[in-house]
Amino acid sequence: MDMSRSSDESKVLIINTGGTINMIFSQQGYVPEPYFLIETLHSQHRFHDPLEESLFSHSSSLEGYRRWSSSGRITPTGSSSASREPSPSRLGARTSSYQSLTLPVRSCRPIGIPEHLAPRTDKVPPRQPVCKKISDDIYEAQLPTLVTPRSSGPGGYSKRIRYVILEWHPMLDSSNIEIKDWIRIATDIELSYSDFDGFVILHGTDTMAYTSSALSFMLEDLGKTVVVTGAQIPMSQLRNDAVDNLLGALVIAGHYIIPECCLYFNHTLFRGNRVSKISSYDLNAFNSPNFPPLVNVGIDIVVNWHDVLRQTSVRRFHSHRHMSPHVATLRLFPGITSYTIRAFVAPPTRGVVLETFGAGNAPQREDLVAALKEACDNGVVIVAITQCTKGTVSDAYETGRSLIQAGVVPGGDMTPECALTKLSYLLSKPELSTAQVRALIGTPLRGELTLPESKLPVSLSQPTGLNQSLDNIQGVLSQVVRLVSSTSATAARAPRIVVSQDGEDGTAATAGANKAARDEAADKATAPWTWTAAEAASTESALFPFLVHLAVSRDDADAVAFCLAAEASSDQAGTGAGITVGGGLANCLDAATGRAPLHVAALHGAMRSAEMLLEAGALVHVRDSLGHTPLYYAARQGHEELVELLVKAGANLGGADVEGGFVALAVKKAMHARDERALRVWKKAGADVVHVDI
């Protein structure tokens, strides 16, 4: 893939497990049809426009539209067969002319129909990819790609999304999804993790919330976007929700780095472990009653960055491939007997989600409480959640406190799907004791529950106001003056920056004294309002990105800490006014280059700054406007220690680094120069220093 393609494209893997989105109506009702989805998407320009010849690729300007409409090559709804690629499902991956339009995909199961695994090339049936076994339980196939028209992402940068569909055979109705299928999804993501920028899971809606919750825990130290979606009405129907759901999920996975397992439905991206299915017939089928959406898709795509999880641990991504099957959900009801409880918690049951009344209440019969206590004493972990759609459990009532005294663990505001899958996840870890599992149930691991107010930091109840914002602005300007001063003598002569709210003494106030005097009469006549906290906060948001990039370039730990501390205090205030930068200061992009602070640290070998940025949630997979990763720049500049840090944090070479030929060129130059140190650095970065054409 050449540089022009790789730098302005992102790659997404779609794992198609089945569900309504794939179905066609038959005499037996709606049934899934193999390869139907691939062929359908191939025929629609909004999902596949390889030559950029559709209306969507020429509608950014009136002139472009007129040139397109007068070309006579294509109509808005049809396509000229001469200019379109052959259907990927009919061609498979057999002809050499089509190889440039395929990508390698790995899976823990044979890819395609199992009985045709690795057949002779001349006997490959239509639609069937050639699958080869790499090792035990790892299979690989070259799958055809589709590519969308250009669309705008963060910062206004335009990208196309090139994607591959890994389709399960047979496809599953979501009511048939089991733990082994969650493990299969997680494993397939891990096997292709370094080759794609994001992942979309197509899934039936009935158990979608269970799958998104389970994956949120199984995908440990996730650094890329994973979106689960599906449809209430099949793609085969004229009026459907499949188009919007799939396209929305594809755009979010391709354009945004939201390192969580999410669920996208009806123009809304939810945290995957916060949702439940609320309707079997509405298109608005899912809801997140106790947590706001991460993304709202309307005229604009609005990402609520302050609610997005940030990976702050320096660990590589890993999929946890075990879940305990010995968990269950028990819903309390009036008249429930102790015999029912005892039968329910009998071996091999190890964990139970107890759906209680209201805010965590249960009948106070002695035999019932005794049965629960007996189970807890025997090592069964019982988690109490509310039967209500919205709300949390608490110990405000005596009937709720008796459960806690019996050993039942409060599950906060977790959904039933989340509580069950979290319990299954924790019980599958042999290194955790029963006491540790009980403690972790009430601890947010993936943002799945809200901490009670009693456990919140004191600073959350002390919001900052206008004066604090002005102090922050003054600090920003002072740091900028200090950093841009080339010598210590110049820095010593630098003026003290003072930002005042009402004309206090200071350099800035004195400089404007004459103008203030001239405007005093006008002020008295019009009684203007003073600067608001929101206006001050917007000024902070404009200044801090510049400062953090400058601070990182100088590897000034004090200035970097100043920026990150200011953002942290703004987040804790929770007033809505504060530093609002998409993705946080650790990921803010330079408008000219599209580089994040981690790119700058990699270029300048700023080791201290890189460590601080990673601890603050910097994304190691972010690419700049040229398609390069921080790891590429660190290796190119020979910053060996920084390369080791980035690799440890999960970074890998990708995008234009590899596909543009830049890594291969750098390795080739190092070989010609016999630069052993450079070769060692590139090898640590993950480059192939053996199979390089010299």
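Fair warning: this is a prediction, and the values are worked out from it, not measured in the lab.

Cut-off values and rules
- Residues numbered from 1 in each chain as written.
- Predicted model: local features only at pLDDT ≥ 70, side-chain atom pairs only at ≥ 80, totals over all residues.
- Heavy atoms only, no water.
- pLDDT = per-residue confidence, 0-100.
- Contact = heavy atoms within 4.5 Å.
- Buried < 20%, exposed > 50% of the residue type's maximum accessible area, 1.4 Å probe, protein only.
- Helix = DSSP H or I, 4+ residues; strand = E, 2+ residues; numbered from the N terminus.
- Arc of directions from axis to C-beta.
- Polar contact = N/O pair within 3.5 Å; in protein donor to acceptor, adjacent residues only side chain to side chain.
- Pairing = 2+ DSSP bridges.
- Axes fitted to C-alpha atoms, helices over the stretch in contact; angles between N-to-C directions.
- Parallel < 35°, antiparallel > 145°, perpendicular 65-115°, else oblique.
- Left-handed = near helix turned anticlockwise from the far one by under 90°.
- Nonpolar A, V, L, I, M, F, W, Y, C, P; charged D, E, K, R; others polar.

What to know about the confidence of the model for the protein
Point 1. When pLDDT is averaged along the protein, the result is 82, and 77% of the positions lie at 70 or above.
Point 2. A low-confidence stretch, residues 1-6 stays under pLDDT 50, and its non-local contacts, those more than four residues away or across chains, total 18 contacts.
Point 3. Note that pLDDT drops below 50 for residues 456-464; the model gives that stretch eight contacts with residues more than four away or on any other chain.

Describing helix H25 (residues 676-685)
Point 1. Restricting attention to buried positions, one finds in H25 the residues Leu679, Val681, Trp682 and Ala685. Along the axis of H25, the buried positions cluster into a sector of 160°, meaning they face one direction only. Across H25 from its buried face, at more than 90 degrees, point the exposed residues Glu676 and Lys683.
Point 2. On the buried face of H25, the contacting elements are helix H21 (630-636), helix H22 (640-648) and helix H24 (662-672).
Point 3. One side-chain oxygen at the N-terminal end of H25 lies 3.3 Å from the backbone nitrogen of Arg677; it belongs to Asp675.
Point 4. Count one or two residues on from H25 and you reach Gly686, which has phi positive near 105°.

Description of the environment of Tyr163
Point 1. Relative to the assigned elements, Tyr163 resides in strand S8 (residues 158-167).
Point 2. Separated by 87 residues in sequence, Tyr163 and Leu250 have C-alpha atoms that sit 8.6 Å apart.
Point 3. If sequence neighbours within four positions are ignored, Tyr163 has contacts with Val12, Ile14, Leu41, Phe47, Pro144, Thr145, Leu146, Val147, Thr148 and Leu250.
Point 4. Within the structure, Tyr163 has its side chain in polar contact with the backbone oxygen of Phe47 (distance 2.7 Å).

A short note on the sheet that holds strand S21 (residues 381-386)
Point 1. Within the open sheet, the four strands sit side by side as S19-S20-S21-S22. Their pairing is parallel. Every other strand in the sheet has two partners, leaving strand S19 (327-331) and strand S22 (409-410) as the edge strands with one partner each.
Point 2. Note: S21 against S22, two bridges, orientation parallel. Across the sheet, the residue bridging to Ala384 is Pro410, located in S22.
Point 3. Where helix H12 (residues 434-441) meets the sheet, its contacts fall on S21 and S22, and the angle it forms with S21 comes to roughly 10°.

Description of the packing of helix H19 (residues 597-604) against helix H20 (residues 607-615)
Point 1. Contact geometry of H19 with H20 gives a least axis separation of 9 Å together with a crossing angle of 155°. For the element pair H19 / H20, the angle class is roughly antiparallel. The crossing of H19 and H20 is left-handed. On the side of H19, the interface is formed by Pro597, Leu598 and Ala601, while H20 contributes Ala610, Leu613 and Leu614.
Point 2. Among the residues forming the contact of H19 with H20, the class breakdown is six nonpolar, no polar and no charged.

A closer look at the side chain of Ser213
Point 1. Position of Ser213 among the secondary structure elements: in helix H6 (residues 208-218).
Point 2. Ser213 gets classed as buried once you look at its relative accessible area, which sits at 0%.
Point 3. A polar contact of 2.9 Å, which involves the side chain of Ser213, links it to the backbone oxygen of Ala209.
Point 4. Residues in contact with Ser213, not counting those within four places in the same chain, are Gly272, Asn273, Glu417, Cys418 and Thr421.

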